[in-house]
Amino acid sequence: MKNFFQQQAANRRASAMLVCLFCIAVGLIVLLAQWFFGLIFDARIASNLNLILYQGWDVFRAQNPYQWHIPSALVTAILIFTTGIYKYRQLRTGGSKIAEQLGATRIQPNTFHPLEKQLLNVVEEMAIAARTTVPRVYLQLHHSQVNAFAAGHNSHNAVITVTRGALEKLTRDELQAVVAHEFSHIVNGDIKLNNRLVAATFAISFIGLAGEWILERAAAAGRGNAKGSGGLELVIALMLICYGYIGTLMADFIKAAICRRREYLADASACQFNRNPAALADALKVAAGLRKPHRNAHFHQYSHLFFNQIRTPWVSSFSTHPPIVKRIAKLDPSWQPPSAGFRERPSVANYQAMQLSATREFLTENSTPIINQTITADTSHLSDKLSHLVHDPYACFTLIPLLLISDEFELRNLQLNCLLSSHYVDAYTLDCAESELAKLSENERFQLIELASPSITSLGEKQKHDFTELCWQIVKQKNLAPKTNTRQRNQYLITWLYLEIILMQVTKAKRTLAVTTRNSKKLILAWRYFVSLIAAIGHESEHEQQQAFKATCQQFNMKGLEVIEFKLFDIEHAHQFFAVLTRLPLKNRNAFLQAIEFTAKWDNQLTEAEQTMLYSFALLLDLPSPVER
């Protein structure tokens, strides 16, 4: 937790640095626009240049009053800020926008391709090690370079993209290290900073990027791959690139100033996740032997997101990544750079993996080096049948709502009938899922929802809506007055937590920016509601509940509040109160998590229900968990 908020403080300092550099870049661009448009529109260019060269700038200014400096500066500033705001709003909905712009396609959770299945398994393992939700996974099929990137606004809508070269050239351990590096960017909040960086650099380099896009189109037309007037487009492209060069140069400088240090931090965090710095060093060596600069404007725009340097700049100071030799040396101090340089590894490392079956039995029977695991996901409790169901998007219509069903006989029959009434559910899948779920503990059932995240998010918008409605219909069958029995009370609480996490998976691609909630009454009600809930769950007697609640109020300066009885707990009200908390800034969300953690630990012991509560709140609030699962 402490390391997380130290990283967040570093992100805030980097954001302040970004704002300062952005303002300096905008000022330089505006000054250039003033001179350029004034020179064009005040008089004829040829006569102006002649006047400047032979009689001086003062004489030129006396004869040609500068009438275009205000309009040119205003238009340039409006263009910069408009494109920046547009780009930021485009990217805040999730990292899928970036992945699609770079030509990546999503890997479906129920894929049968061995290499894609291996990648999904590695991502699930690292998600468990990093204690975060499983992100969506994309693949860049047309890129042989060993590379990867993570993108998104927060961990709820993040994606991880891997190139085809990484799948073909890297062993399983090396691939796991690369994915762990990208997870460190997600967990430490770097992806949110990168979104701001993309928006700022896009704004100041928009003219130069437009020239690069037109130049690519002209080159394609010259090769006969596209239709267009190649000569005219080439002239226009060169003019835009020259005019926008100052913005492009400043954008590269800003990315280099902010990102180089963060790559070292991401390498260190990756070693914490997979406990294998040698694998990450080996992956960097393979990437160094395959480096090929890309000439794509989109790759230039997002160059700072990648695991490895995507372009080779003219000046090393403008590189967005530290030299690979230095990164490897920090991971393995005894390593010496090869005198003959890095060599390209042939695509033999995963040839055997391509022949392997995706089933767990076959993988465990083979002892080839490519499938030796450094970190093994704690999913041994999942049978092949259950593993297939959790990775099948439409099977999740049956599997996940079953977790919300009560153990009470009469209520269970009502909920099962409600579930079977859906046209997405069939009786055979229901029987299979029900028998498999009966073998799982509470923690294992909880983990099942996290593993089902990519399957749920791969559904269409209509299917997501139907899935949400189905979950709500099942929950509403339950009597909204919780029982006084401790076991029934805890089960009711866990049902609500399951529902919140399911709803988060459905809506995370649309989650908006965190904004400060101005209605203080709602915040106080939400704080009182959930602190009372934790006090009731963790303490049997009413006196202990009141003492824990009062101690928390005193610790966090919330005076004049009274504890709420657990019998007033209602799933729909809890959902509304929780929506208030998710809109809070990071600092306030952390203060709330600290409050419920203080309440749970007031009696110096944590029950399983309290641990589940703390872990769930941290997951839903996009914060590191104060307890292990």
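Within every chain, residues take consecutive numbers counted from 1 along the sequence as written. Local features are withheld for residues below a pLDDT of 70 in this predicted model, meaning they are given only at 70 or higher, and side-chain atom pairs are given and counted only at 80 or more; totals for whole chains, interfaces and linings count all residues. To obtain the side-chain values, all non-hydrogen atoms of the structure were used and water was disregarded.

Asks: Is there a simple way to think about the packing of helix α9 (residues 190-204) against helix α12 (residues 245-274) in this case?
Replies: For any two helices packed against each other, one specifies the inter-axial angle together with the distance between the axes. Between α9 and α12, the shortest axis-to-axis distance is 8 Å and the interhelical angle comes to 165 degrees. In terms of orientation, α9 lies roughly antiparallel with respect to α12. Crossing hand, α9 versus α12: right-handed. Residue-level inspection shows Asp190, Leu193, Asn194, Leu197, Thr201 and Ile204 of α9 in contact with α12, the latter providing Gly247, Thr248, Met250, Ala251, Ile254, Lys255, Ile258, Cys259 and Arg262. Residue composition of the contact of α9 with α12, by class: eight nonpolar, four polar and three charged. Every axis corresponds to a line fitted to the C-alpha atoms, with the helix fit spanning only the stretch in contact, and the corresponding angles, defined between N-to-C directions, vary from 0 to 180 degrees. Helix and strand assignments follow DSSP, with helices taken as H or I runs no shorter than four residues and strands as E runs no shorter than two, numbered in order from the N terminus. An angle below 35 degrees is treated as roughly parallel, one above 145 as roughly antiparallel, one from 65 to 115 as roughly perpendicular, and anything else as oblique. Left-handed describes a crossing in which the near helix is turned anticlockwise from the far one by less than a right angle; the clockwise case is right-handed. Here, residues are in contact when the closest pair of their heavy atoms is within 4.5 Å. Here the term charged refers only to Asp, Glu, Lys and Arg, the term nonpolar to Ala, Val, Leu, Ile, Met, Phe, Trp, Tyr, Cys and Pro, and the term polar to all other amino acids, Gly among them.

Asks: So what exactly am I meant to see when it comes to a nonpolar patch on the surface here?
Replies: The patches described consist of residues with a relative accessible area above 30% and no salt bridge, like charges being joined within 9 Å and nonpolar side chains (Val, Leu, Ile, Met, Phe, Trp, Tyr) within 5 Å. Computed with a 1.4 Å probe, the accessible areas rest on the Shrake-Rupley method; for each residue, only the protein chains presented here act as cover. Salt bridge criterion: a side-chain nitrogen from Lys or Arg within 4 Å of a carboxyl oxygen from Asp or Glu. Judged by side-chain polarity, Ile24, Leu28 and Leu31 come together as a nonpolar surface patch covering roughly 280 Å² of accessible area. Relative to the helices and strands, Leu31 is located in helix α1 (residues 2-41).

Asks: Just checking my understanding: could you explain helix α24 (residues 461-476) for this structure?
Replies: Two residues of an α-helix separated by three or four positions point the same way, owing to the 3.6 residues in each turn. For α24, with 16 residues, the first-to-last C-alpha span of 23 Å sits near the 22 Å given by 1.5 Å per residue. Exposure is judged per residue with a 1.4 Å probe applied to protein chains only, and the accessible area is read against the type maximum: over 50% gives exposed, under 20% gives buried, and values in between give partly exposed. Looking only at α24, the buried set comprises Gln463, Lys464, Asp466, Phe467, Thr468, Leu470, Cys471, Trp472, Ile474 and Val475. In a helix, the anticipated span is given by 1.5 Å times the number of residues less one.

Asks: I'm lost on the pairing of strand β2 (residues 136-140) in this one. Help?
Replies: In summary, the side chains of a regular strand alternate between the two faces of the sheet. Burial analysis of β2 places five of its five residues in the buried class, the great majority of the element. Burial along β2 is two-sided: Arg136, Tyr138 and Gln140 facing one way and Val137 and Leu139 facing the other are all buried. Strand pairing follows a simple DSSP-based rule, namely that at least 2 bridges must link the two strands. In this sheet, strand β4 (residues 159-163) lies alongside β2 in parallel orientation, the contact comprising five bridges. Within the sheet, the bridge partner assigned to Tyr138 lies in β4 and is Thr161.

Asks: Just checking my understanding: could you explain the environment of Ala595 for this structure?
Replies: Among the secondary structure elements, Ala595 is positioned in helix α29 (residues 586-600). A relative accessible area of 0% means that Ala595 is categorised as buried. Not counting chain neighbours up to four residues away, the residues in contact with Ala595 comprise Trp527, Val531, Thr552 and Phe556.

Asks: I would appreciate a short explanation of the packing of helix α20 (residues 409-420) against α24 in the present structure.
Replies: Two elements in contact, α20 and α24, have axes whose closest approach is 9 Å; the angle formed by their N-to-C orientations is 160 degrees. Relative to α24, the element α20 is oriented roughly antiparallel. For the element pair α20 and α24, the recorded crossing hand is right-handed. The residues of α24 that touch α20, namely those facing Gln415, Cys418 and Leu419, are Leu470, Gln473 and Ile474. Each residue belonging to the contact of α20 with α24 can be placed in one class, and the counts come to four nonpolar, two polar and no charged.

Asks: Just to check I follow, could you spell out helix α27 (residues 542-555) for this structure?
Replies: The first and last C-alpha atoms of α27 sit 20 Å apart over 14 residues, in line with the 20 Å expected at 1.5 Å per residue. Among the residues of α27, Gln545, Ala548, Phe549, Ala551, Thr552 and Cys553 are the ones counted as buried.

Asks: Can you help me understand the packing of aromatic side chains in this one?
Replies: To describe a pair of aromatic rings, you give the distance between the ring centres and the angle between the ring planes. Working definition: rings of Phe, Tyr and Trp (its six-membered ring) pair if their centres are within 6.5 Å, and the pair is stacked with planes under 30 degrees apart, edge-to-face with planes over 60 apart, and tilted otherwise. By the definition in use, this model includes 20 aromatic pairs. A ring pair is formed by Phe202 and Phe206, whose centres lie 5.5 Å apart and whose planes are at 70 degrees; its orientation type is edge-to-face. Overall, the relative accessible area of 5% leaves Phe202 in the buried class. A residue is classified by how much of its surface remains accessible, and Phe206, at 25% relative accessible area, is partly exposed. For the ring pair Phe397 and Phe467, a centre distance of 5.4 Å and an interplane angle of 85 degrees mean the geometry is edge-to-face. Of this pair, Phe397 sits in helix α19 (residues 396-402) while Phe467 sits in helix α24, and the two are 70 residues apart along the sequence. Judged on exposure class, the residue Phe397 and its partner Phe467 are both buried. An aromatic cluster is defined as three or more aromatic residues linked by ring pairs; in this entry it consists of Trp496, Tyr529, Phe530, Phe577, Phe578, Phe592 and Phe617. Sitting above the plane of the Phe202 ring, Lys87 keeps its charged end 4.9 Å from the centroid. For a Lys NZ or an Arg CZ to count as sitting over a ring, it must be within 6 Å of the ring centre and within 35 degrees of the ring normal.

Keep in mind these values describe shape, not function.
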